[in-house]
4 protein chains.
Amino acid sequence: MIPPIKTAIVGASGYSGEELARLLLGHPQVELTAVTSRQYAGQTLAQVFPRHANDPRCRSLRFSEPKVESLAKAAQVVFLALPHGVAAEFAGPLLDMGCKVIDLSADFRLKNPAIYKEFYGHEHPAPALLKKSVYGLPEFYRAKIKQAALIASPGCYPTSILLPVLPLLKAGLIKSSGMIADSLSGVSGAGRKVELEFLFAECNESMRPYGIPKHRHLSEIEEQLSLAADEPVVLQFSPHLIPVNRGILTTLYLAPEKHFANDTAMAALQKQVAQCFQAAYGNEPFVRLLEGDALPDTKNVVGTNMIEIAWRLDARTGRLIVMSAIDNITKGASGQAVQSMNILCGFPETAGLG
Amino acid sequence: MIPPIKTAIVGASGYSGEELARLLLGHPQVELTAVTSRQYAGQTLAQVFPRHANDPRCRSLRFSEPKVESLAKAAQVVFLALPHGVAAEFAGPLLDMGCKVIDLSADFRLKNPAIYKEFYGHEHPAPALLKKSVYGLPEFYRAKIKQAALIASPGCYPTSILLPVLPLLKAGLIKSSGMIADSLSGVSGAGRKVELEFLFAECNESMRPYGIPKHRHLSEIEEQLSLAADEPVVLQFSPHLIPVNRGILTTLYLAPEKHFANDTAMAALQKQVAQCFQAAYGNEPFVRLLEGDALPDTKNVVGTNMIEIAWRLDARTGRLIVMSAIDNITKGASGQAVQSMNILCGFPETAGLG
Amino acid sequence: MIPPIKTAIVGASGYSGEELARLLLGHPQVELTAVTSRQYAGQTLAQVFPRHANDPRCRSLRFSEPKVESLAKAAQVVFLALPHGVAAEFAGPLLDMGCKVIDLSADFRLKNPAIYKEFYGHEHPAPALLKKSVYGLPEFYRAKIKQAALIASPGCYPTSILLPVLPLLKAGLIKSSGMIADSLSGVSGAGRKVELEFLFAECNESMRPYGIPKHRHLSEIEEQLSLAADEPVVLQFSPHLIPVNRGILTTLYLAPEKHFANDTAMAALQKQVAQCFQAAYGNEPFVRLLEGDALPDTKNVVGTNMIEIAWRLDARTGRLIVMSAIDNITKGASGQAVQSMNILCGFPETAGLG
Amino acid sequence: MIPPIKTAIVGASGYSGEELARLLLGHPQVELTAVTSRQYAGQTLAQVFPRHANDPRCRSLRFSEPKVESLAKAAQVVFLALPHGVAAEFAGPLLDMGCKVIDLSADFRLKNPAIYKEFYGHEHPAPALLKKSVYGLPEFYRAKIKQAALIASPGCYPTSILLPVLPLLKAGLIKSSGMIADSLSGVSGAGRKVELEFLFAECNESMRPYGIPKHRHLSEIEEQLSLAADEPVVLQFSPHLIPVNRGILTTLYLAPEKHFANDTAMAALQKQVAQCFQAAYGNEPFVRLLEGDALPDTKNVVGTNMIEIAWRLDARTGRLIVMSAIDNITKGASGQAVQSMNILCGFPETAGLG
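Residues numbered from 1 in each chain as written. Chains lettered and ligands numbered in written order. Predicted model: local features only at pLDDT ≥ 70, side-chain atom pairs only at ≥ 80, totals over all residues. Heavy atoms only, no water.

## A word on the interface of chain C and chain D
Taken together, the 49 residues of chain C in the interface contact 49 residues of chain D. When the two sides are added together, the surface that chain C and chain D hide from each other amounts to roughly 3900 Å², 57% of it contributed by carbon and sulfur. Among the residues chain C hides against chain D, the three largest losses belong to Glu205(C), Met207(C) and Arg316(C). Together they make up 21% of the total. The interface formed by chain C and chain D includes 6 salt bridges. Taking the shortest distance from any N to any O, the salt bridge between Arg208(D) and Asp297(C) comes out at 3.8 Å. The interface formed by chain C and chain D contains 24 residue pairs in polar contact (both at pLDDT 80 or more). Secondary structure elements with two or more residues in the side of chain C that touches chain D: strand S8 (180-185), strand S9 (208-209), helix H11 (218-229), strand S10 (236-241), strand S11 (248-254), strand S13 (307-314) and strand S14 (319-326) of chain C. Counting residues per element, the side of chain C that touches chain D draws most heavily on S8(C), which supplies 5 residues. Among the residues making up the side of chain C that touches chain D, the classes are represented as 24 nonpolar, 12 polar and 13 charged. (Contact = heavy atoms within 4.5 Å. Buried area = accessible area lost by both parts, 1.4 Å probe. Salt bridge = Lys/Arg side-chain N within 4 Å of Asp/Glu carboxyl O. Polar contact = N/O pair within 3.5 Å; in protein donor to acceptor, adjacent residues only side chain to side chain. Helix = DSSP H or I, 4+ residues; strand = E, 2+ residues; numbered from the N terminus. Nonpolar A, V, L, I, M, F, W, Y, C, P; charged D, E, K, R; others polar.)

Have a look at this one:
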């Protein structure tokens, strides 16, 4: 029997960290050997996450202060579930000591440090690592993930946008200009930040846009879209905060390359779009292409690593509307990170994600 | 002292009907003399709406079967809060007997019976009345409402879309083509329909699009936009169902007529848009133009007849993003209907809506 | 015409403060002349509460630093919506300068400073004022409120418990021992406290008890029950946190003085309880005694100053079950405080609370 | 390798049925061979439950009309997730044809047909089967479940009440008289019933009691309590409807046999209660005895087969307060039924429930 891979989570007390812990504890081929948290150092996983308190491993595993040496000793694969900017402090040293690093922050998602500076307001803290890092979107970077030492796991909004758009863009079915992504997120998307605007009584019975028109996630989305289109792509992106715990719903407004004013052209385009998605995702374990009248609903993906995708051609406006739903914490963060780990370690891609 | 105007509500047991009853009972210049409901005939308002059970008038006023003769005797102004198609049966006879009619259904919102047929799937039941009816959007049809016998009060989605767009379109600041309205609605927007998909456990923790890409409300929105643009307008409209009781949040993607790639052009356009909204709504009692960083939030309008509007120019995409928030049952239905009644009867426009 | 009474709110930026502002701005016989908040000093009411931003008074009235002299000059009646312990610093000086003070905190609700110390963990800061203060439960202390200089407005849980229990206790229909109050509260009951446990994602889809078995509110409830019973009363009280914005639902388990094992005894007791509630509340404008099969539902009282009360005798257990529903912020705090002000100032008791 | 046990679900389209399907499809030692539903006959599981649509088995398994012969051929263990009264029609014939039957309805939970009639209003349809059936509460009837042909899986409220109370009652630590259970349930507890009162806009922002004072579930709870106490027990039980999807929170008011007015007596009783729960549940995989300050929270059990239990002695009132939290659909219905199946089939008790 092969010994399990040892894993650690740095910054395990937020929502993504908790979900990572849940997934790794339930994974048949890995062991969770260390979890860190400055705030909860000394407490057991069971104390901090009562939901998992019956698991004997959660009763013995304690949060520790994050220290690179101990982490490198404890684990072969280290997940960073840290705020933007902090992850970069850990990634380099951990890589130097031979660990594989899967970072859930935005620190290594961009190739271009200039764009990082534009969107994050300061110089990138470790530009050399940007070249090494692989964007951890398994459906598109599977081969690179397999070889990577540093994986930058995509953000939740980017995942909900890129998976529906990339196949269409690569197939040349849509224009790379004029794209719009209108996204709705559950409140856990803000993390476990203790701020007035995320109090229950401020969010419940409320619907509101925010970060309009230049949300930070735009940088990584546009970089990926530009790579796929092989030309600079600018996206209109509007996030909204919605009173649900988990989930992202994205509605995309896209312009097909071909007009489809008459029925024949429309039928032909219908076929092409269907074939494009089928070719891209027909065998993907975590993509659900909806059929018939079905439209995405976050309640059908919450708690899973699945993305639901549906689309409609609108002959009246000449647009292609594509809609997607994911769990922002699973497929949008921790589930996708585990999916990348599975690829990296040569496990079945669905291991521990069922 | 002027005797109060007598009013009646036909179909008063739904959410719009209940809100109408609440508003008319609290209105200083009207009396509510009759409420009808086939389902609840014989019961008092107090029995059906426990919330209002302490009002002595609610303890005496009973729901009756809807009969045109009794209604015409009981009331000078009759509100129809009936399903689409049913309202038309009452409007004609009531008008013939001298009542003013304010209809909250979609039956008389369109001028063109052919469009009605296209969107509602059958011939219009009373096409002659379409010419007579006035679209009850007070901010734009105040003068006509004053003279009207039959007022077709706008739908909730249309209100949230037309109020932000019409001034821009009339001022020639935006293109009439390519407009997109992405809207989120609370579940009361579906009415008090007892259907599986509107059960608590089916809506809570769920976000989902529906009616994509050709929702019925498009017909009235496009007709009004076309009138304002003086050319046929086609709109992309995507409604979504969100787990809140009340509220509509709309995000509009619009193309300014002028490019604003450089800072000077952008500043000029900023000024024009601000002036346009100020000119249109600076003195409107129920329009709140947000300032500074503020963005619309449905929790700030729920329970009121107010619409919140904010906008942003996006130099990266060249678009104008306009966002609005209303209460779908108040400004989106019953509050706006009372606002029209106030105009019709010569009352202060804010009477009973404070 | 009588000039309006001038009022001020100290600590107006919390949920109770905002509700007070809403009620006082809508009150026909008062003027709101000052609002204080250390955090928001300098900003207008319109900026801090976007919901009220259209009111010209909200656009001009600015939050100021709380200073006794200015308050005493600006207002005849001063509302204190401050945390426990802080209110006492303002009450004395304001009284000395001739203001009437209505305090929404727990600082002056108890007569006995020893009980204050037991429950709040420190000496009462102004024990002399305890004798002067009147417990602002209008249905029971109307005459005293009329004469008071310092009114201690009851807490939300106490209101939901005392109104159902006091009439029964005073009439000798129930035993004063063994009473249990099981209460559910919406999250606004915790105030606008920015703490992890009140984040949306921590409260939504959660139901949980807290403060078991000795919640601070017990002190004032037991003091009032003891006064009514004319002997020391000990209450079992269990609060729970429920994912709604507003509302308290209380279920009371009471032991009738008389057994009612047979049908005749039960019918007799039914009549006595009904008469007792009718005598106590038949003419009260803010108490709704439910009839027939109806049971309280917070959605029927939220946004109002009403309490709903229903009761059932259970022949199987020999108990009397009484249930109540209020809005914790209105009848449970600010609405009730305004009701007291109406009594104090000789206004109709329902003024501004309709 | 042992071939998997074949299982079927009759009435698989409700919330319990869907959860059963989810659990059985994920169970390592069983196969789900048939699902029935009159309403959805002909459709696949994937079509009716989009959440599971990626599972190839869900894409091939179709709902069929419920027919005893086909069910008996298809399955060794048949789960009945049918309304009360309907289950009895299937249980007898299935047992006659050699199936094991696990019934999730209330039809076979009572031993005494007279009590059934009292609470359900009609004669029991198959009184002979009552003697055969075993009450499927694994923590107390493990040995009998192992031998049973017909298992009556407990209701959700009963589970949340019996697990905390039975050990105390059996140990003689509490009085069997005067017990009170105050319970809060999520809306899925009402099943997938399409009724006005369960619409989103009727439940959201609402808290309300119902079925006071004589809910049907009392019959099975009292029968089990009476068996444990060896004398007739009457319980006060008050259910409330709360706007969450899933979960039951129960607060129990119990009277210890011994007084504990002084500290020594209290410490002694503390120890006894702790030992009692430890003895009963220390090794139970699905019972979590909370420690320290922790109190139950439904969010920590939703989606799991776990019950959380905490308790407090209240020296002021002399009562023992016990609180529990479960997922009403999992531990309160389908999870517990699978736990019983595991015992019946000799599987590890946690199989498929992890």
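## Looking at the interface of chain A and chain B
With 49 residues of chain A at the contact, the number on the chain B side is 49 residues. It is Glu205(A), Met207(A) and Arg316(A) that lose the most area in chain A upon contact with chain B, and together they represent 21% of the buried surface on that side. Summed over the shared surface of chain A and chain B, the result is 6 salt bridges. When the shortest N-O distance is used, the salt bridge between Glu202(B) and Lys299(A) registers 3.8 Å. One can count 24 residue pairs in polar contact (both at pLDDT 80 or more) joining chain A with chain B. Those elements giving two or more residues to the side of chain A that touches chain B turn out to be strand S8 (180-185), strand S9 (208-209), helix H11 (218-229), strand S10 (236-241), strand S11 (248-254), strand S13 (307-314) and strand S14 (319-326) of chain A. No other element matches the 5 residues that S8(A) contributes to the side of chain A that touches chain B. Among the residues making up the side of chain A that touches chain B, the classes are represented as 24 nonpolar, 12 polar and 13 charged.

## Some remarks on the sheet that holds strand S2 (residues 30-36) of chain D
Residues and elements named next belong to chain D. Strands sit in the order S3-S2-S1-S4-S5-S7-S6 across an open sheet of 7 strands; the sheet is parallel. With partners counted over all chains shown, the strands left at the sheet margins are strand S3 (63-64) and strand S6 (134-135), one partner each. Judged from the 4 bridges that link them, strand S1 (residues 5-10) and strand S4 (residues 77-80) form a sheet pairing that is parallel. Within the sheet, the bridge partner assigned to Ile9 lies in S4 and is Phe79. Contacting S1, S2, S4, strand S5 (100-103) and strand S7 (150-152), helix H13 (residues 330-345) runs over the sheet at an angle of about 160° to S4. (Pairing = 2+ DSSP bridges. Axes fitted to C-alpha atoms, helices over the stretch in contact; angles between N-to-C directions.)

## Some points on the sheet that holds strand S3 (residues 63-64) of chain A
All names here are of chain A. Spatial ordering of the open sheet is given by S3-S2-S1-S4-S5-S7-S6, a layout of 7 strands whose pairing is parallel. For this open sheet the edge positions go to S3 and strand S6 (134-135), each flanked by a neighbour on one side alone. Across 2 bridges, strand S2 (residues 30-36) lies against S3 in parallel orientation. From the neighbouring strand, Thr36 faces S3, where its bridge partner is Ser64. Contacts from helix H13 (residues 330-345) reach strand S1 (5-10), S2, strand S4 (77-80), strand S5 (100-103) and strand S7 (150-152), with the element oriented near 160° to S4.

## A word on unusual backbone geometry
In this structure, Pro213(A) follows Ile212(A) across a cis peptide bond, with omega equal to 5°. Its location among the elements puts Pro213(A) in the loop between S9 and H11. For Glu205(B), which is not glycine, the phi dihedral falls at a positive 55°. For Glu205(B), the position within the fold is in the loop between helix H10 (200-203) and strand S9 (208-209). Overall, Glu205(B) belongs to the buried group, its relative accessible area being 13%. In this structure, Asp230(D) is a non-glycine residue whose phi angle is positive, near 60°. Along the chain, the position of Asp230(D) falls in the loop between helix H11 (218-229) and strand S10 (236-241). The exposure class assigned to Asp230(D) is exposed, which follows from its relative accessible area of 70%. (Buried < 20%, exposed > 50% of the residue type's maximum accessible area, 1.4 Å probe, protein only.)

## Comments concerning the side chain of Ser219(A)
By the element assignment, Ser219(A) lies in helix H11. In this structure, Ser219(A) is in contact with Leu110(A), Ile115(A), Phe119(A) and Tyr120(A), ignoring residues within four places of it in sequence.

## Focus: H11(D)
Residues and elements named next belong to chain D. For H11, built from 12 residues, the straight-helix expectation of 16 Å at 1.5 Å per residue is met to within 8% by its first-to-last C-alpha distance of 16 Å. With respect to burial, H11 is a largely interior element, 11 of its 12 residues being buried. Leu218, Ser219, Glu220, Ile221, Glu222, Glu223, Gln224, Leu225, Ser226, Ala228 and Ala229 are the residues of H11 that are buried. Lining the buried residues of H11 we find helix H6 (113-120), S6, helix H8 (138-147), helix H9 (156-170) and S10. One or two positions beyond H11, positive phi appears at Asp230, with a value near 60°. (Expected span 1.5 Å × (residues − 1).)

## Structural notes on the packing of helix H1 (residues 15-25) of chain A against H13(A)
All names here are of chain A. Across the interface, H1 lies against H13 with an axial gap of 9 Å and an inter-helix angle of 40°. Judged by the angle between their axes, H1 and H13 are oblique. In this structure, H1 crosses over H13, and the sense of that crossing is right-handed. On H13, the residues that touch Ser16, Glu19, Leu20, Leu23 and Leu24 of H1 are Thr330, Ala333, Ser334, Gly335, Ala337, Val338 and Met341. Each residue belonging to the contact of H1 with H13 can be placed in one class, and the counts come to 7 nonpolar, 4 polar and 1 charged. (Parallel < 35°, antiparallel > 145°, perpendicular 65-115°, else oblique. Left-handed = near helix turned anticlockwise from the far one by under 90°.)

## Let's talk about the relation of the copies chain A and chain B
Superposition of chain A onto chain B requires a rotation of 180° combined with a translation of 0.0 Å along the rotation axis, giving an RMSD of 0.0 Å. Seen this way, the second copy is the image of the first under a two-fold rotation axis. The fraction of interface residues of chain A whose copies in chain B are also interface residues reaches 100%, indicating that both copies meet through the same surface. (Least-squares fit on C-alpha atoms with pLDDT ≥ 70 in both.)

## Thoughts on the packing of aromatic side chains
Taken as a whole, this structure holds 32 aromatic pairs over all chains when the rule is applied. Aromatic rings pair up to connect Tyr40(A), Phe49(A) and Phe63(A) into one cluster. It is Lys214(C) that lies over the ring of Phe119(C); its NZ or CZ is 4.8 Å from the centre. (Phe/Tyr/Trp six-rings, centres within 6.5 Å; stacked < 30°, edge-to-face > 60°. Lys NZ or Arg CZ within 6 Å of the ring centre and 35° of its normal.)

## What about the environment of Ala294(B)?
All names here are of chain B. Locating Ala294 in the fold gives a position in the loop between strand S12 (287-289) and strand S13 (307-314). Residues Ala294 and Glu308 lie 14 residues apart in sequence; the distance between their C-alpha atoms is 10.0 Å. Residues contacting Ala294, with those up to four places away along its chain left out, are Ala310 and Arg312.

## Some words on the relation of the copies chain C and chain D
Superposing chain C onto chain D requires a rotation of 180° together with a translation of 0.0 Å along the rotation axis, leaving an RMSD of 0.0 Å. Same-surface contact between copies: 100% of interface residues of chain C are shared with the interface of chain D.

## Comments concerning helix H8 (residues 138-147) of chain B
Residues separated by three or four positions in an α-helix point in the same direction, a consequence of the helix having 3.6 residues per turn. All names here are of chain B. Buried within H8 are the following residues: Pro138, Glu139, Tyr141 and Ile145. All buried residues of H8 project into a common sector of 120° when viewed along the axis, lining one side. Exposed residues pointing more than 90 degrees away from the buried face of H8 are listed as Ala143, Lys144 and Gln147. (Arc of directions from axis to C-beta.)

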